[in-house]
Amino acid sequence: MGLCLLERYRHLLPLTDKTPVITLGEGQTPLVRSRHIGARAGCSELYFKLEGCNPTGSFKDRGMVMAIAKALEEGSQGIMCASTGNTSASAAAYGAYCGIQTIVVIPEGDVAKGKMAQAIAYGAHIVAIDGNFDQALSLVRSLTDKLPFTLVNSVNRYRLEGQKTAAFEIVDELGEPPDYLCIPVGNAGNITAYWKGFTEYKAKGLASFTPRMMGFQAEGASPIVKGHPISSPKTVASAIRIGNPASWKGALTARDESGGAIEIVTDDEIINAYRLLAREEGIFCEPASAASVAGLLKLAAKNLPLQDKRTVCVITGTGLKDPEMASQFAETPIKHLPADLKTLEEHLRSLAR
Ligand code: AN7
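Our subject in this report is the structure included herewith. Since we're looking at a predicted model, the values are computed, not measured.

## With respect to the packing of helix H3 (residues 60-73) against helix H4 (residues 86-98)
To characterise two packed helices, one gives the angle between the axes of the helices and the distance between these axes.
Part 1 of the argument: Direction vectors running N to C along H3 and H4 enclose 45°, while the axes themselves pass 9 Å from each other. Between H3 and H4, the interaxial angle falls into the category oblique. Considering the relative orientation of H3 and H4, their crossing is right-handed. In this structure, H3 contributes Lys-60, Asp-61, Met-64, Val-65, Ile-68 and Leu-72 to the contact, and H4 contributes Asn-86, Thr-87, Ser-90, Ala-91, Tyr-94 and Cys-98.
Part 2 of the argument: Class assignment of the residues belonging to the contact of H3 with H4 gives a composition of seven nonpolar, three polar and two charged.

Below, the structure written as structure tokens:
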């Protein structure tokens, strides 16, 4: 057994000797080299950081393990979060593992099936509100001021501390930071955390430069690009259907200090990238995650010079979170046939190239 995330980066995390070292096996996710999309984008060296390989299938586990460890250290009896789905799945898993109560507040009807299944299976108390994510977050922020539950949304600073380890891993594996980091932006915690990670590595002399941070919001949920909150955010990518990001300032800092950009991708571009990732790279992610690749392709189309540049796209969550999406956008229809050898053989001969 290798070291767990909290142990591996202990020297760069706010741990004390009283912080319990807990793990469900988060972190150390694969960095996979692109075989096809890089060529499409004219990008000579493109990698995908597969955060869907975390224990609950998204990057949230990195921040959650840290936030829950600190909550336990502080004697917390329970945790609470608002979520578009992945935060609640992760909180519910770590809550179950640590034997503390987990309360998740979600926008009714807006959370992908796989994520709901996780919160249910892990035994969280689930409250579905007739409102969107931004309203849910505002409610839990008020409630955790009054009730003895620890807030584990990314406004809890330990979440970002844990999430910054993904940046460390990328540098550790490549030997240097990439030139560009492409990442979806919802509540803007993750882009803020990566930027923290890259700048800390540079400050410690573990990296000689920092990447340009390229964040992407869905067109109908792009408050940072538009410059004002969106009261009814809309996008096919439910994970980033967020109109008033908690880490808005952090995202602007990441963008401006890194010489990066935060831009819009349309739902069509997201779905196109979602399909390409699965069909050309063998990477099945959720729609929100495909925003990073949609963004890269958009930058390439705008002639951002990517040749000789090293780029990493963060693939934030697995496609199994949202299985309905795959069938909705399937290009290969299912062939229904009788259980008959001859019919099957004929069909397969027609496919053989
Ligand atoms: C797959 O779970 O906000 O910009 O409540 O699930 O750090 O918010 C999820 C966000 C990207 C955006 N990709 O990250 C939640 C939640 C996936 C996500 C994002 C989310 P942030």
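## Overview of the site of the ligand
Part 1 of the argument: Around the ligand sit 21 residues, and of these Asn-86, Thr-87, Asn-187, Ala-188 and Thr-316 come closest.
Part 2 of the argument: Within the backbone of Thr-87, one N or O atom sits 2.7 Å away from an oxygen atom of the ligand.
Part 3 of the argument: Ala-188 places a polar main-chain atom, nitrogen or oxygen, 2.7 Å from an oxygen atom of the ligand.
Part 4 of the argument: Notes on the ligand: free accessible area 470 Å², of which the protein chains cover 98%.
Part 5 of the argument: For the shell around the ligand, the elements supplying multiple residues, two or more each, are H4, helix H9 (189-203) and helix H13 (287-301).
Part 6 of the argument: By residue class, the composition of the shell around the ligand is eight nonpolar, 11 polar and two charged.

## Quick word on the pattern of salt bridges
Part 1 of the argument: Counting across every chain of the model gives 19 salt bridges.
Part 2 of the argument: For Arg-8, the salt bridge is made with Glu-169, and the minimal N-O distance between the two is 3.9 Å. Of this pair, Arg-8 sits in helix H1 (residues 5-8) while Glu-169 sits in helix H8 (residues 165-174), and the two are 161 residues apart along the sequence. Just as Arg-8 is buried, Glu-169 falls in that class too.
Part 3 of the argument: Between Lys-298 and Glu-269 there is a salt bridge; the shortest N-O distance is 3.0 Å. Of the two residues, Lys-298 is situated in helix H13 and Glu-269 in helix H12 (residues 267-281); the sequence distance between them amounts to 29 residues.
Part 4 of the argument: Look at Lys-298 and you get partly exposed, because its relative accessible area is 22%.
Part 5 of the argument: If you follow the salt bridges from partner to partner, you end up with Arg-8, Lys-49, Glu-51, Arg-62 and Glu-169 in one network.

Basis of the calculations
Residues numbered from 1 in each chain as written. Predicted model: local features only at pLDDT ≥ 70, side-chain atom pairs only at ≥ 80, totals over all residues. Heavy atoms only, no water. Axes fitted to C-alpha atoms, helices over the stretch in contact; angles between N-to-C directions. Helix = DSSP H or I, 4+ residues; strand = E, 2+ residues; numbered from the N terminus. Parallel < 35°, antiparallel > 145°, perpendicular 65-115°, else oblique. Left-handed = near helix turned anticlockwise from the far one by under 90°. Contact = heavy atoms within 4.5 Å. Nonpolar A, V, L, I, M, F, W, Y, C, P; charged D, E, K, R; others polar. Near = heavy atom within 4 Å. Polar contact = N/O pair within 3.5 Å; in protein donor to acceptor, adjacent residues only side chain to side chain. Areas by Shrake-Rupley, 256 points an atom, 1.4 Å probe, with all protein chains shown as cover. Salt bridge = Lys/Arg side-chain N within 4 Å of Asp/Glu carboxyl O. Buried < 20%, exposed > 50% of the residue type's maximum accessible area, 1.4 Å probe, protein only.

That is the geometry; function is a separate question.
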